[in-house]
Amino acid sequence: QVQLVESGGGLVQAGGSLRLSCAASGRTFSNYAVGWFRQVPGKEREFVAAISWSGGTTYYTNSVKGRFTISRDNAKNTVYLQMNSLKPEDTAVYYCAAAKSWTGARRYEYDYWGQGTQVTVSS
C-alpha cells in the first residue's frame, strides 16, 4: 500500500503561483510513477501532469504546458506541482496518484490516490 497526502492548495489571484506537494508513505515510493489530476464539480477528473519514477520523464496536458512543472524528491518521498501564471479555469480539487508503471494520462491505471487539495484562482 502507498498512502498519499496532498497539501499546498489555497486561494490565489489570477497570475499567481502555488506549489502543491504529494507526500507518500508505505511502499518504496521511488518505484512509482506519479500523476496529478484535477476535478471540478460535475466534471470528470482530468489529467494534469505525470512524472516517471526516476523523474527523467514528464508529461503535461496542453493547457498547463509552460505554466506548471512537476518534479519529485525521492529522498523525501514527495512529488511537487509548481503552478505559475494561474488562471481561474485552473480552479479545482487537485489529486495526486501513484502507479507501479508508467501510465501517463491513463487515469484508471493509477493504483493509489490521495484525498485532494482545493485550488481556487480568483479573477
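This write-up is about the structure you can find in this document. Since the model is a prediction, treat every value here as computed from it, not as a measurement.

1. Some remarks on the side chain of Arg 67
- By the secondary structure assignment, Arg 67 is in the loop between β6 (58-60) and β7 (68-73).
- Under the relative-accessibility criterion, Arg 67 is labelled buried at 10%.
- A polar contact is formed between the side chain of Arg 67 and the backbone oxygen of Ser 85, at a distance of 2.9 Å.
- Residues in contact with Arg 67, not counting those within four places in the same chain, are Gln 82, Met 83, Asn 84, Ser 85, Leu 86, Lys 87 and Asp 90.

2. Focus on the sheet that holds strand β3 (residues 18-26)
- On the basis of which strands lie adjacent, the open sheet formed by 4 strands has the order β1-β3-β8-β7 and antiparallel pairing. Every interior strand has two partners, whereas the edge strands, β1 (2-7) and β7, have only one. This sheet shows a mean twist of 15° between the axes of neighbouring strands, independent of strand direction.
- One ladder, built from 6 bridges, connects β7 with strand β8 (residues 78-83); its direction is antiparallel.

3. Structural notes on the pattern of salt bridges
- Scanning all chains against the criterion turns up 5 salt bridges.
- A salt bridge links Asp 90 to Arg 67, with the shortest nitrogen-to-oxygen separation between them at 2.8 Å. Of this pair, Asp 90 sits in the loop between β8 and β9 (92-99) while Arg 67 sits in the loop between β6 and β7, placing them 23 residues apart in sequence.
- One connected set of salt bridges, linked through shared partners, spans Arg 38, Glu 46, Arg 67 and Asp 90.

Conventions and cut-offs
Residues numbered from 1 in each chain as written. Predicted model: local features only at pLDDT ≥ 70, side-chain atom pairs only at ≥ 80, totals over all residues. Heavy atoms only, no water. Helix = DSSP H or I, 4+ residues; strand = E, 2+ residues; numbered from the N terminus. Buried < 20%, exposed > 50% of the residue type's maximum accessible area, 1.4 Å probe, protein only. Polar contact = N/O pair within 3.5 Å; in protein donor to acceptor, adjacent residues only side chain to side chain. Contact = heavy atoms within 4.5 Å. Pairing = 2+ DSSP bridges. Axes fitted to C-alpha atoms, helices over the stretch in contact; angles between N-to-C directions. Salt bridge = Lys/Arg side-chain N within 4 Å of Asp/Glu carboxyl O.

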